[in-house]
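# Per-entry structural report
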Amino acid sequence: MTTTTLLIAGMPAAGHVNPTLPVVTELVRSGVDVVYLCDAEFADRVRDTGARFVPYPEGVLTARDIAAATRAGSSVGVVAKVLRACSALVPFVVEQARALGPAALMHDSNALWGRLAATAVNLPTISFMTTFLVGTGAVKALTVRENLAVVGPTLRDMPDALRARRALVKEFGAGAVPDTPMLPLRGDLTLFPIPEELQAPDPRLDATCRFTGPTTTTPDTDAGPTPLDPELAAHLSGGDPVVLVSLGTLHDGGAAFFRDCGAALGDLPVRVLLATGHGVDPADLGTVPPNTLARRSVPQLAVLRQASVFVTHGGMNSALEGIGRGVPLVVVPQQVEQLLIGRAIAERGAALVLRQHLTHRPVPPADLRAAVERVLGDRGMAKAAEEMGRRFRAEGGAVRAAELVREMLDEHAG
């Protein structure tokens, strides 16, 4: 019996890699030979799925590069990073594809190098879209001040992105490089590992676009709690509600935000856990209140199993992980997409949104405290989160996504 190979070109960012891993686990279990290309930082977690891992050329594009571009405030800056990386990554992916003979190539919706490589070797594509499509109507959700805050960085970074695109067209040809807007990319099959109900109507959606619900809520991820180290386990014990604060891996909010969290929540009868991210050293926060523990990172899924409130940036991955475990959100969006995610969940009764960071203003500690107290005191929000989580899981998640991938592989296998 011939084994079918799937080649994956991943985006080196935790929020993009993590949702793919349960799908890869399901594919490997079903006998698919999965070869996953990504930055070496993600080698261990990819290998844990049973897939083969091949690192990208060293130093071409890393999670820290993407985080730096993201923190600069413009999605166009991230696009420019992606475009420049293609010169090194496209020939690398082409070489892997020719050596492996895969039936299809799956790429992150922002991994343009995967699409260009698939075109070069005539492979069908599966795009993995880790969030919903944001339409032109998103501007209506913004205040005038928020629109101005978005426009400035976009105009600043646009010339660099256009230069990078011209260089890419010169190298690979105008027919190979998608027109503007270039990202996110759709494929012959486009998988959305998100609930369909969160996606607003969009003319780009067609029969090739399939929603599977969240892939990070699976029997594996919920089978049992990840062991916590003794300090963290002791901090979360005692019976008080747990408040997790994290702005994800690409944003850090600055030390001032986390200090304000201590000021806002330090005298409440809760256990506060601050995940400051790579950009903030917990030591820079000074002395935190007795009910507060600060770490650069925490095992988020394990902590969410014990949490009562999740203060989050509202990235799709984090938002769905919280809702999937019945935890209502206080969303502090760092960019427009996260505002839209927060609003969609708030409209369903399971989130509050504090939007000051969109215009580079601090969230007043009093506002943060009031939001957390409101969530803790409103059982209806927790119930709404629990009901949403059940609906989302019913869409099939990683199992359904793997089924769709296998159907495509069967169609194109030699």
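Presented here is a report on the structure given in the accompanying data block. (Residues numbered from 1 in each chain as written. Predicted model: local features only at pLDDT ≥ 70, side-chain atom pairs only at ≥ 80, totals over all residues. Heavy atoms only, no water.)

## Some details on the overall build of the chain
As a reminder, the rule being used: Comment: elements are numbered from the N terminus, with helices defined as DSSP H or I runs of at least four residues and strands as E runs of at least two. Atoms counted for the radius of gyration: C-alpha only. Globule rule: 2.2 Å times the number of residues to the power 0.38. The cut-offs for exposure are 20% and 50% of the maximum accessible area for each residue type, with area from a 1.4 Å probe on protein chains only; residues under the lower value are buried, those over the upper are exposed, and the others partly exposed. Whether two residues are in contact is decided by their heavy atoms, any of which lying within 4.5 Å being enough. Using the Shrake-Rupley algorithm and a 1.4 Å probe, accessible areas are obtained, with residue cover drawn only from the displayed protein chains. For this count, His and the chain ends are skipped, Lys and Arg are scored as positive, and Asp and Glu as negative. Charged side chains are reduced to one point each, which is NZ for Lys, CZ for Arg, CG for Asp and CD for Glu.
When helices and strands are counted, the chain shows 15 helices and 13 strands. A compact globule built from 414 residues would reach a C-alpha radius of gyration of about 22 Å, and the chain, at 21 Å, matches this within 12%. A principal-axis box enclosing the C-alpha atoms of the chain has dimensions of 60 × 50 × 40 Å. Every one of the 414 residues in the chain was classed for burial, and the buried ones make up 56%. For the chain, restricting intrachain contacts to residue pairs at least 6 apart in sequence, the fraction spanning at least 24 positions comes to 66%. By element, 52% of the accessible surface of the chain is carried by carbon and sulfur atoms, the whole surface being about 17,300 Å². Charge separation in the chain, taken as the distance between the mean sites of 39 positive and 43 negative side-chain charges, equals 4 Å.

## Brief notes about the nonpolar core
What counts, and what does not: Here, nonpolar core means buried Ala, Val, Leu, Ile, Met, Phe, Trp, Tyr and Cys residues that are tied together by side-chain atoms lying within 4.5 Å of each other.
Membership of the largest hydrophobic core comes to 69 residues, with the highest contact counts inside it found for Leu 6, Leu 112, Trp 113 and Ile 126. Sort the elements by how many residues they give to this core and helix α5 (residues 75-100) lands first, with 11 residues. Those residues in contact with Leu 6 that sit more than four places away from it in its chain are Leu 27, Val 32, Asp 33, Val 34, Val 35, Pro 102, Ala 104, Leu 105, Met 106, Ile 126, Val 405 and Leu 409. In this structure, Met 129, Phe 211, Val 242 and Leu 244 belong to the second largest nonpolar core, which totals 43 residues.

## Things to note about α5
Note the threshold: The quantity called bend is, for any residue, the angle between two axes fitted respectively to the seven residues ending at it and the seven beginning at it.
The largest bend in α5 amounts to roughly 50 degrees and is located at Cys 86. Where α5 ends, the next residue or the one after it, Gly 101, has phi of about 60 degrees, a positive value.

## Section: the environment of Thr 70
With respect to the element layout, Thr 70 can be found in helix α4 (residues 63-71). A C-alpha to C-alpha distance of 9.2 Å links Thr 70 and Gln 335, two positions 265 residues apart in sequence.

## Concerning the packing of aromatic side chains
The cut-off we apply is this: Stacked, edge-to-face and tilted are the three classes for Phe, Tyr and Trp ring pairs, Trp counted by its six-membered ring, which pair at centre distances within 6.5 Å; planes under 30 degrees apart are stacked, over 60 edge-to-face, the rest tilted.
For the coordinates displayed, the defined rule picks out four aromatic pairs. Consider the rings of Tyr 56 and Trp 113, whose centres lie 6.0 Å apart with planes at 90 degrees: the pair is edge-to-face. Note that Tyr 56 is positioned in the loop between β3 (52-55) and α4 and Trp 113 in helix α6 (residues 112-121), a separation of 57 residues in sequence. Of the residues examined, Tyr 56 reaches a relative accessible area of 5% and is grouped as buried. Relative accessible area serves as the criterion here: at 0%, Trp 113 is assigned to the buried category. Aromatic side chains Phe 192 and Phe 211 sit 4.4 Å apart centroid to centroid with 15 degrees between the ring planes, which places their arrangement in the stacked category.

## Concerning the pairing of strand β9 (residues 271-275)
For clarity, the cut-off: In this scheme, strands are said to pair when DSSP sees at least two bridges between them.
Burial of β9 is extensive: five of the five residues sit out of reach of the surface. What you see with β9 is no split at all: Arg 271, Leu 273 and Ala 275 on one side and Val 272 and Leu 274 on the other are buried throughout. Bridging between strand β8 (residues 242-246) and β9 involves five bridges; their strand directions are parallel. For Val 245, the partnering residue across the bridge sits in β9 and is Leu 274. With four bridges joining them, β9 and strand β10 (residues 292-295) adopt parallel strand pairing. When the bridges of β10 are listed, Ala 275 appears paired with Arg 295.

## Thoughts on unusual backbone geometry
With a phi angle near 60 degrees, Asn 122 is a residue other than glycine that sits in the positive phi range. We classify Asn 122 as exposed; its relative accessible area is 69%. Non-glycine residue His 360 carries a positive phi angle of around 60 degrees. The topology assignment puts His 360 in the loop between β13 (351-353) and α13 (365-377). For His 360, a relative accessible area of 63% corresponds to the exposed category.

## Regarding the pairing of strand β6 (residues 189-192)
Of the two faces of β6, the one carrying Leu 189 and Leu 191 and the one carrying Thr 190 and Phe 192 are both buried. Relative to β6, strand β5 (residues 125-128) runs parallel, the two sharing three bridges. Bridge assignment links Ser 127 to a residue of β6, and that residue is Thr 190. Bridging between β6 and strand β7 (residues 209-211) involves three bridges; their strand directions are parallel.

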